[in-house]
Structure formats: C-alpha cells, structure tokens
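Structural overview for review
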Amino acid sequence: MSAAAVEHPCDGEPERPKWQERQEPESLLESANRLSEQLPGHRVEIIGGVITVAPSPDGAHANALTTLMVPFLAAGLHSGESKVLQAVGVWLPSGPCDYAIPDLAVVDADFDEHPNDNNCYDPGAFRLVLEVTSGNYQNDLRNKVTAYAAAKIAVYVVLDRRHGRVHVLTEPLPGGYDNHEVYAPGHKVTLPDSIGAQVTLDVAALVTAGRPRPKAEPKAEPPPETSPETSRG
C-alpha cells in the first residue's frame with residue numbers, strides 16, 4: 001500500500017501527514033492505508049464500509065496455508081491460464097471503498113490486466129478465494145460471505161481452525177451463497193471444476209496442519225536445598 005505523504009517540518013515542528021493539514025476529514029481508504037503503515041504485518045481490510053484489522057498470523061496458520069496450496073499447485077492451477085496467489089487484494093462492490101485480502105486465491109492468469117484501486121484487482125478475475133481463520137473467524141464466516149458473494153466470486157472456501165471444519169460456499173447470490181457445505185475431519189472435498197481443475201482437499205490433514213502445538217507445561221522447580229544448620233533448627 002502507498003505511503004502517506006507528509007509535509008516538511010518548519011521551525012522544528014514534527015512532520016504531520018497531509019490529511020491532518022486539510023480541512024476535510026480523512027477518507028475511509030486513507031484511514032485504512034494509514035493503519036497498514038502503522039501496523040506492519042497486520043492485514044487491514046474494508047468490509048461493508050467498516051475497517052477490520054487482523055493480527056499477524058501464527059505459525060500454524062502459515063502451515064495450514066502451505067498445506068492448502070499443495071493440491072492447487074499439483075492440479076496445475078499455477079500455469080499459463082490461472083495463478084495461485086497469496087494475499088492479493090480484491091476490490092469489492094459491497095461498499096465504495098471495500099476491499100479484501102484473502103489468504104489464497106485462484107485467479108485468471110491475466111489478472112494483472114484488470115487492476116482496480118489501492119493495489120487491488122477486479123473480482124471478475126477471481127475463480128476462488130480462500131480464508132484460514134485466526135481470531136477473526138466470525139468475520140470470515142459472516143461479513144466476507146456477503147462481500148464475496150456480492151462480488152460474484154464463484155467459490156469461497158474457509159478453513160475454520162477454531163471448530164476444525166472446512167466450509168465450501170458456491171452459487172453466489174446478492175445476499176450470500178446459495179450453497180454452503182460444511183465438512184468435518186474424515187471427509188475429502190472435491191471443489192467445483194469451475195476453478196479450472198479438479199482439486200480435492202483432505203479435511204483431516206488441513207485441520208491438523210492448522211492446529212497450534214499445545215504449550216509445554218512449565219517444569220516444576222526443585223525444592224531449595226536445606227543446610228545442616230537449618231535442618232537442626
């Protein structure tokens with residue numbers, strides 16, 4: 001995201017962003033970009049006209065995302081006709097400044113010929129978007145459902161790490177997806193051919209990959225040694 005312009009300081013005054021010098025209030029998009037600069041590593045999005053900030057993902061999130069990428073790559077979707085991308089922005093019609101940055105996406109190979117605002121791309125180039133939940137699982141399973149459906153993205157997949165499930169949403173409508181299937185460990189999910197190839201996901205493998213390793217119990221400290229003088233009282 002672009003850096004906010006600043007005025008040069010005068011008479012020892014600190015630098016101030018230009019939006020602070022203007023009479024009109026800061027726009028929603030400017031606020032989102034400023035937060036992105038102030039919170040490196042966080043994911044800042046605008047969904048339904050509301051700025052959302054997700055913290056940096058943990059290692060289990062990254063492990064699950066890599067595990068998810070493998071079947072897409074094995075199916076040949078990162079090729080001449082399509083690409084498999086992480087964290088690429090999609091411009092959304094659900095609000096004048098709405099955009100999202102899905103964890104994973106399958107896009108047309110010429111996606112970069114369809115740029116939109118704020119380093120995002122037209123949703124028509126997206127065949128599939130995928131989210132791996134962190135603490136923001138409710139946003140992924142509620143607000144983004146409506147936003148991605150409004151953008152007519154044909155397939156939306158969510159790995160819900162909190163509840164150990166995989167959600168597959170298809171057939172977008174103005175208010176959400178007409179088809180919403182939920183799969184538990186033990187199931188294998190074959191995604192629609194509309195993404196460009198046959199991809200099957202092993203739910204158990206994904207849930208295991210996204211499960212944080214339990215924290216080790218702290219070791220008990222040994223009792224202090226007692227000197228002979230102390231033991232005799």
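Predicted model only: the values in this text are computed from it and were never measured.

Across its full length, the protein holds seven helices and 13 strands. Taking all 233 residues of the protein together, the buried fraction comes to 39%. If you take every contact in the protein between residues at least 6 apart in sequence, the share linking residues at least 24 apart comes to 52%. About 13100 Å² of surface is accessible on the protein, with carbon and sulfur atoms providing 51% of the total.

It is worth spelling out the pattern of salt bridges at this point. Summed over all chains, the structure comprises nine salt bridges. Across the salt bridge formed by Glu-131 and Arg-43, the nearest N and O atoms sit 3.2 Å from each other. Of the two residues, Glu-131 sits in strand 8 (residues 126-132) while Arg-43 sits in strand 1 (residues 43-47), which places them 88 residues apart along the sequence. Judged by its relative accessible area of 0%, Glu-131 falls in the buried class.

Once that is clear, we can look at the side chain of Lys-144. Examined against the element boundaries, Lys-144 turns out to sit in helix 5 (residues 143-150). Those residues within four positions of Lys-144 in sequence are excluded, and the remaining contacts are Arg-43, Glu-45, Ile-47, Ala-100, Glu-131, Asn-139 and Tyr-156.

For the rest of this paragraph, the subject is the sheet that holds strand 6 (residues 104-108). Strand order in this open sheet of six strands is 3-6-8-9-10-11, and the pairing throughout is mixed. At either margin of the open sheet sits one strand with a lone partner, and together these are strand 3 (82-86) and strand 11 (176-183). When strand polarity is set aside, the average angle formed by the axes of neighbouring strands in this sheet is 15 degrees. When strand 8 meets strand 9 (residues 155-160), the two strands line up parallel, connected through five bridges. Directly across from Val-129, in strand 9, lies its bridge partner Tyr-156. Packed onto the sheet, helix 3 (residues 59-74) meets strand 3, strand 6, strand 8 and strand 9 and runs at close to 150 degrees relative to strand 8. This element, helix 5, spans strand 8, strand 9, strand 10 (165-173) and strand 11 of the sheet and lies at about 130 degrees to strand 11.

Here is what the cut-offs are and how they apply
- Residues numbered from 1 in each chain as written.
- Predicted model: local features only at pLDDT ≥ 70, side-chain atom pairs only at ≥ 80, totals over all residues.
- Heavy atoms only, no water.
- Helix = DSSP H or I, 4+ residues; strand = E, 2+ residues; numbered from the N terminus.
- Buried < 20%, exposed > 50% of the residue type's maximum accessible area, 1.4 Å probe, protein only.
- Contact = heavy atoms within 4.5 Å.
- Areas by Shrake-Rupley, 256 points an atom, 1.4 Å probe, with all protein chains shown as cover.
- Salt bridge = Lys/Arg side-chain N within 4 Å of Asp/Glu carboxyl O.
- Pairing = 2+ DSSP bridges.
- Axes fitted to C-alpha atoms, helices over the stretch in contact; angles between N-to-C directions.

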